[in-house]
Every structure is written in structure tokens, then in C-alpha cells.
Amino acid sequence: MNARHIFAATISVSLFALQAASADQLLGGSRNSFGLPGGFDTPSAYSLPDGVIGGSTFFGAGGQRHSFAFQMAPRLTAVFRYSKVDDFYAPGDALYDRSVDLHLKLLDESGWRPALAVGVRDFIGSGAYASEYIVATKTVTPTLSISAGLGWGRLGSSNAIGAPFGDRPTPSVVSGSPINYDRWFRGDAAPFLGVNWQVNDKLTLKAEYSSDGYVDEVARASFDHASPLNIGLDYRIGAWSSISAWYLYGSEIGVQFNLAIDPRKPPFPSGIEKTPLPVAPRPARSADPVGWSGEWAAEAQVHPAVQAEVAKALAADGMLLESMALSATSVEVRVRNQTYPSQAQALGHIARVLTRALPPSVENLVLTSVANGMPISAVTLRRSDIEALENGNSALLLQNASITDALAVSAGPLRPTEGVFPRFQWALTPYVEASLFDADDPFLADVGIAASARYEFAPGLVLAGSVRQKVIGNLDQSTRVAGTDPVRSDLVDYQRNGNLTIPSLTLSWYSRPAENVYTRVSFGLLERMFGGISGEVLWKPVDSRLALGVEMNYVQKRDYDQRFSFLDYKVATGHVSAYYDIGGGYTGQIDVGRYLAGDLGATLSLTREFANGWRIAAYATFTDWPDTGLDDDSFVKGIRLTIPIAWTTGKPTIASFSNTFGMSSDDGGARLSVDGRLYNTVRKSHVGELYDNWGRFWR
């Protein structure tokens, strides 16, 4: 991911968020300072629309809160938050905290019945904001809503009415970030109340009676909590953004910026890619009797000429024809999609090209998707269906199609396309490396120049690497301290090197030894911090929701100059993995094995992916890494966000921007970072992804 992509994504998202508003209010309604619909401290029973991503940044008395909310399912909202709590340890000594919330909507509003929700705040984190609540919200008029609830923890610290479920264990704030389930709904409970009045399409007035007494803040610093009443307003700037201002605690002022994005609604909904070639109908039999009879197939020079024409047309459309088999009635093309985020869309473009280049007797079209030199899946279509349904129902075309393992079909001997291999590609681009939500600094970044190259000797045999040179930045100013036996926690020692570095240099071999089986072997400088050898085997039937994999690695830690020298640390690491396509864009994954620090354990992941390529994954790793009391690396957790560049620009590209927001120093539970892991390489061409995205076939 380079700076040009990041810049394009940032500008496009920002312009989209600030576009002129419609009559609808900001997606998800007015936000509280924790990133969810509500007042300031208090929640409402509302949630964001399904799939919507919300961001909020609050500045005010007591510190800062930067929240990232995601509506994981229609009733479940998750929030990741980075907070600065002023004067937490001593005057001038703040706590930088990362935490996670969950908000579950139990009932929708109906008639006289209010909406009802339950939530846990800071349930993974230090516990600085730990609280639980149950809340009901009723729309009194189309512009007026009232929320009332009962809170525990922080939300039970002012004017409590008792402890209905027993005392709350101490301490209330801990080092590290464990799951504090033993405190849920325990201790004093207190009522809270909130009122929202939408004055017009842009302005909403808010008032609340907060049950958060800010006990620790008052005790630690000159923090004046004179009143439980908070009042504020929310002003909508655009259809997707707003700014909020509050008068808080009877003594302080706070401001917040809110943003909401629906991944399913890009800035350019219709796309601005070029129009694909139309389907070319075959001539009448009387107009081309030789072509319809198949007699042309006996002419030795016809096949190379047809293949050259197909290769040229596909290259102009951003795809690579690796090989082709042609007979009088059938054709198989093995094509690498280098442009379209949706493989179904790529198949639609391939089918159109074939109708324009093939003799009329060819009826069966076998479209084989290729990734890293491996044939993945074969989609067999009838040419007559393509001609009949070009302007019709793509679902009917899918019903008549056959999707099988690429090794299970053949239209004849494959002929490699001339001039494809060996293949050399290179690029020179700017890069941005950022450290977001660090425990000591919210934002550090370097900017520089990166050169990358890729040489493919033959299908599946790839030599690839990159070099980069820092130009400007402040990542070397990080104050993070490495652990006693650093595996990942000494990342800053790698970032401090401003000289020319080699982030990776690998020789990889991808192959298909049998149906449903994929393999990868990679050797060299596998990533910035480790070099060695990595091997992987994946079992994944083309029509199965389940996939199983095994990965084994033997690696040595690289020196901080990131060239060809190594440190003394060596480790054998590996995992057995299971992947399951749950449906509806959700994928579950479990990895069990040995991590880079030698610790044993498992990682659980849940990913939601939208049809346009947006991906949000939550993960948690549990290992036998010893608890040092400073951080809990035996329990590593975080989220991964992937934004397709095509979403922000409207132009087709397989490039994307990805970042991981973790919640620990990552010595325990650390995995090797290897490019080209098999599951994500093959899944886009398998039945689940193809079915989900088949509506883009004619696009």
C-alpha cells in the first residue's frame, strides 16, 4: 500500500463525508462521546444501520476519546476506542488506553413499546471507563426521543440506588487489557436519563442526567464535577458528518467531530470504469458455414492467431491470458485478473472478449481463474446463454453455469501464451508507514520512497522483493520500550533506521499437487523482522464453505538494519488452521499452534466482508505467554480494516489499504507476516465469493 493510494482514499472519503446533505439525519443519529447513539455519557437503545462504520473524536475536560464503531450485525455494535485520560497517574501524567465496547439491541421500538438495548463498555481494556447498562428509548414525537436506563460501574457511580447483583470486584482499573467479565453488572447501579430534540434537518439539541460521577477524575486532579446535568447540540455538516458541542458537569466545555460511512455506498455509486465490450452475436450459419462446422480447427495456424487476439483484448482490459486450449466446440482460457476487485466482474469481461474472438462453432467456454500461477476454479458457460442473457438476468446465467475445481476440467491441451513468461514487473512509489493508537503516542508516521520488483520464471515460481528509503518522519521518536525477550515489541528499533532497507526478498513456489489442494513454499527475507523458510498446504474444495490448512515456518530474527544480517534468535513456528464461510459476508477462522515467541495457543477471528471489498475483522489470541504484570500478552486482540481503493476512486483496481489496530505490545501471540497466504489467494475464485458477487458479471 503506497502513499498515492492512501492520499486518494483519504481525499475521496473526506469529500464524500462532507457532501451536501439530504433530508435524512446523520447515519445512526446523534452520538455520545463513546461513539454510539446517545447523549454525552449515556447511551440510547438505538444502533447504527447494519454495516455502517462510525468514527468520533472528542476533546474536552478530562482528556480525549477517539472511537471507531462498526455495526457488525443488525443488532450488534462493536466499538474500538483509543483514549487519553488526563492526570491519571499523577498531575501531568496521562493514561493512554485502548478499549472495546459491545452494544446489543434486544427489541425494536413498536407501538407503545420502546426500543431496548444492553451494553458493556470497556469490557476489554484497562477498565478506566468500564461500565454496563440496560437502556430503553421511546420516540415521543417524530422529532423528540427519550432514553432511560440503569448503569453499573462508571455509570453507577452517581446517586446509586443499590447493588442488586452483589458487590463489584476490585481493582476497578488494571494493567494490560483482560476481559473483565467478573465485574459485569456488579456493584452499585444508578439511573440515567437522556432527551434528544431534532429541531430541524441539521440541528439536534440534547440533555442528559448522567449517572457517571467521575469519582477517579475528581480525586486525581483539579476536575470540577459540579452537576450530573449535561447539555449539548449536534450540528450536521453533511449527510455523513456532524459536529457536537457540550456544556458538561456544570463547569466544562467539550467538542466532538462525528463521521459515518456505509461501505455499501461508495462516493461513485455507478463506478467510472470504462464500459466493457458488448457481446458479439455469432453470424448466421449460411454466412459462415466453415466457422459453424468446425472445419477451421484442422488448420494449424488458426489456433495461435485466435489466442493472440484473445490475449491482446484481455491485456487491454487489464487481464493476462496465461494459456489457452481450443477445439472445434470448446475453449479453456486460464486468465489472471489484475484489475477487477470482483472475480465475477472479471469473468464477465472475459466472456465478452471470447464472443468476439472465437469461431462460431465454439459453444462451451471454460473460464479458469489463475492466482500466483495456480489454476483455482473453472466456470463453464454456454456461449448461447451469454448471447441470450447479456441484457437479462445474471442469476439465470449462474443457474446454467458449472463451477468446478480447475484441475477437474479440460478443453484440450493447453498452449502457453507467447511472451508471458518469464515476466518482470517493477514499480517506484512513495510510501507511508504509520503507527496509530500507540500506547504512548496517538500518531507517528514516516514518508519515503519504495521500489518493488517481481520476476516470474514460470507460472507459480516468483522472485519478489522491495527496497525503501525514508525521507521524513517521526517513527524513530517512539518511546515504546521493548520487552525482555522482544519478538515484536522492538519494532521501534527497526523503525529508527533511516537508511536504505530491504523489507522483503523472497523466492516462492505455488502449486496444485491435486484437486482441492494448494501449496506454497517461500524462502528468504520473509518480512521486515524475520527471514527463513515458510511452507503451507491448504485443502479447499471449490464448492465447500470449509477449508483446512497447515503452515510451518523456521525463521531467524533479522538485524535492525534490515539488510542481510541476522540476530541470534531462531524459532520454529506454525499453525493448523480452519476457515469457515458462515454466509452473508461473514468468515470465521481459528488458528492453533506455536507463535514467534515460542508460546502455544490459538487465535480466533471473525471477518465481515462486503461485496465491494471492504473487510473488517476482529481477532483474539490466547496463549501460554507468562503474565508480567505490565501487559497481558497472553491475550492479544484487535481489529483489521481493509478499504479497497476502487471504493474511493470509482476506478477498478485490486489495490487496497489495510491497517491493524492492536491492543498489546504483541510479543506474546505474534505471528509471522508472509505475503501470499493461500486462503485469501484462492477464496475469491470459489463458489461462495462468486455467488455473492455474481451480480457484477455484466458490469
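Before reading further, recall that the structure is shown in the block above.
Note that this is a predicted model, so its numbers are computed, not measured.

Cut-offs and rules
- Residues numbered from 1 in each chain as written.
- Predicted model: local features only at pLDDT ≥ 70, side-chain atom pairs only at ≥ 80, totals over all residues.
- Heavy atoms only, no water.
- Helix = DSSP H or I, 4+ residues; strand = E, 2+ residues; numbered from the N terminus.
- Rg over C-alpha atoms; globule rule 2.2 N^0.38 Å.
- Contact = heavy atoms within 4.5 Å.
- Areas by Shrake-Rupley, 256 points an atom, 1.4 Å probe, with all protein chains shown as cover.
- Lys, Arg positive; Asp, Glu negative; His and termini not counted.
- Charge placed at Lys NZ, Arg CZ, Asp CG, Glu CD.
- Pairing = 2+ DSSP bridges.
- Axes fitted to C-alpha atoms, helices over the stretch in contact; angles between N-to-C directions.
- 1 Å grid on protein atoms, 1.4 Å probe; cavity = no way out; pocket = protein on both sides within 12 Å on 5 of 7 lines; lining within 4 Å.
- Points joined across faces, edges and corners; volume = space filled by probe spheres on them.
- Nonpolar A, V, L, I, M, F, W, Y, C, P; charged D, E, K, R; others polar.
- Left-handed = near helix turned anticlockwise from the far one by under 90°.
- Expected span 1.5 Å × (residues − 1).
- Buried < 20%, exposed > 50% of the residue type's maximum accessible area, 1.4 Å probe, protein only.
- Polar contact = N/O pair within 3.5 Å; in protein donor to acceptor, adjacent residues only side chain to side chain.
- Arc of directions from axis to C-beta.

(A) Region of interest: the overall build of the protein. A count of helical and extended segments in the protein gives eleven helices and 31 strands. For the protein, the C-alpha radius of gyration of 28 Å lies close to 27 Å, the compact-globule estimate for 699 residues. By principal-axis analysis of the C-alpha atoms, the protein measures approximately 95 × 65 × 45 Å. Long-range pairs, those at least 24 residues apart, make up 59% of the contacts in the protein between residues at least 6 apart in sequence. Carbon and sulfur atoms make up 61% of the accessible area of the protein, which amounts to about 29,100 Å² in all. For the protein, the separation between the mean place of its 60 positive charges and that of its 70 negative charges on side chains is 5 Å.

(B) How the structure looks around the sheet that holds strand S14 (residues 330-337). On the basis of which strands lie adjacent, the open sheet formed by six strands has the order S17-S16-S15-S14-S13-S18 and mixed pairing. Each edge of the sheet is formed by a strand with only one pairing partner; in this case those strands are strand S17 (402-405) and strand S18 (415-416). Bridge count between strand S16 (residues 374-382) and S17: four bridges; the pairing is antiparallel. The partner of Ala378 across the bridge, within S17, is Thr404. Relative to strand S13 (residues 319-326), helix H4 (residues 302-316) is tilted by about 155°, and along the sheet it contacts S13, S14 and S18. Taken strand by strand, helix H5 (residues 343-357) contacts S13, S14, strand S15 (364-371) and S16, and its axis lies near 135° from that of S15.

(C) A look at empty space enclosed by the protein. Following the criterion strictly, the structure yields three cavities of 30 Å³ or more and no others. In terms of lining residues, the largest cavity is bounded by 14 residues, among which Tyr431, Arg468, Lys470, Asn497 and Arg528 are the most central. Those elements giving two or more residues to the lining of the largest cavity turn out to be strand S19 (423-436), strand S21 (461-473) and helix H8 (491-495). Broken down by element, the lining of the largest cavity gets its largest block of residues, three residues, from S21. Counted by class, the lining of the largest cavity contains three nonpolar, six polar and five charged residues.

(D) Spatial organisation of the packing of H4 against H5. Between H4 and H5, the least distance of the axes is 10 Å, while the angle of their chain directions is 145°. Every pair of crossing elements has a handedness; the one defined by H4 and H5 is right-handed. On H5, the residues touching Val306, Glu309, Val310, Ala313 and Leu314 of H4 are Ile350, Val353, Leu354, Arg356 and Ala357.

(E) Representation of H5 within the structure. Taking 1.5 Å of rise per residue, 15 residues should cover 21 Å, and H5 covers 21 Å from first to last C-alpha, within 8% of that figure. Judged by how many residues are buried, H5 sits mostly within the fold: 14 of 15 residues are covered. At the N-terminal end of H5, a side-chain oxygen is found 3.4 Å from the backbone nitrogen of Ala344, two or three residues along, and the residue is Ser342.

(F) The arrangement of the sheet that holds strand S4 (residues 93-107) in detail. In space, the twelve strands of this closed barrel follow the order S1-S2-S3-S4-S5-S6-S7-S8-S9-S10-S11-S12, with antiparallel pairing throughout. Looking at each pair of strands side by side, their axes are set apart by 20° on average, direction ignored. Pairing of strand S11 (residues 241-248) with strand S12 (residues 252-261) involves eight bridges; the strand directions are antiparallel. From the neighbouring strand, Leu248 faces S12, where its bridge partner is Glu252.

(G) Here's a closer look at the pairing of S13. Burial runs high along S13: eight of the eight residues are buried. Sheet analysis places S13 next to S14, joined by seven bridges and oriented antiparallel. In the sheet register, Met324 faces S14, and the bridge partner there is Val333. Where S13 folds back on S14, the antiparallel hairpin that results is connected by three residues. Alignment of S13 against S18, held across two bridges, turns out to be antiparallel. Paired with Ser323 across the two strands is Pro416, which belongs to S18.

(H) Structural view of H4. The first and last C-alpha atoms of H4 sit 22 Å apart over 15 residues, in line with the 21 Å expected at 1.5 Å per residue. What H4 keeps buried is the set Val302, Val306, Gln307, Val310, Ala311 and Leu314. What you see down the axis of H4 is that its buried residues fit within an arc of 155°, all on one side. Facing away from the buried surface of H4 by more than 90 degrees, the exposed residues are Lys312 and Ala316. Buried residues in H4 make contact with S13, S14, H5 and S18.

(I) Region of interest: unusual backbone geometry. Following Phe421, the chain continues into Pro422 via a peptide bond in cis, with omega recorded as -5°. Within the secondary structure, Pro422 is located in the loop between S18 and S19. Unusually for a residue other than glycine, Asp122 sits at a positive phi of about 55°. Mapping Asp122 onto the fold places it in strand S5 (residues 115-124). In the Ramachandran plot, Asn516 falls in the positive-phi region, its phi being about 70° despite a non-glycine side chain. Looking at the element boundaries, Asn516 is found in the loop between strand S22 (501-514) and strand S23 (517-525).

These figures capture arrangement, not role.
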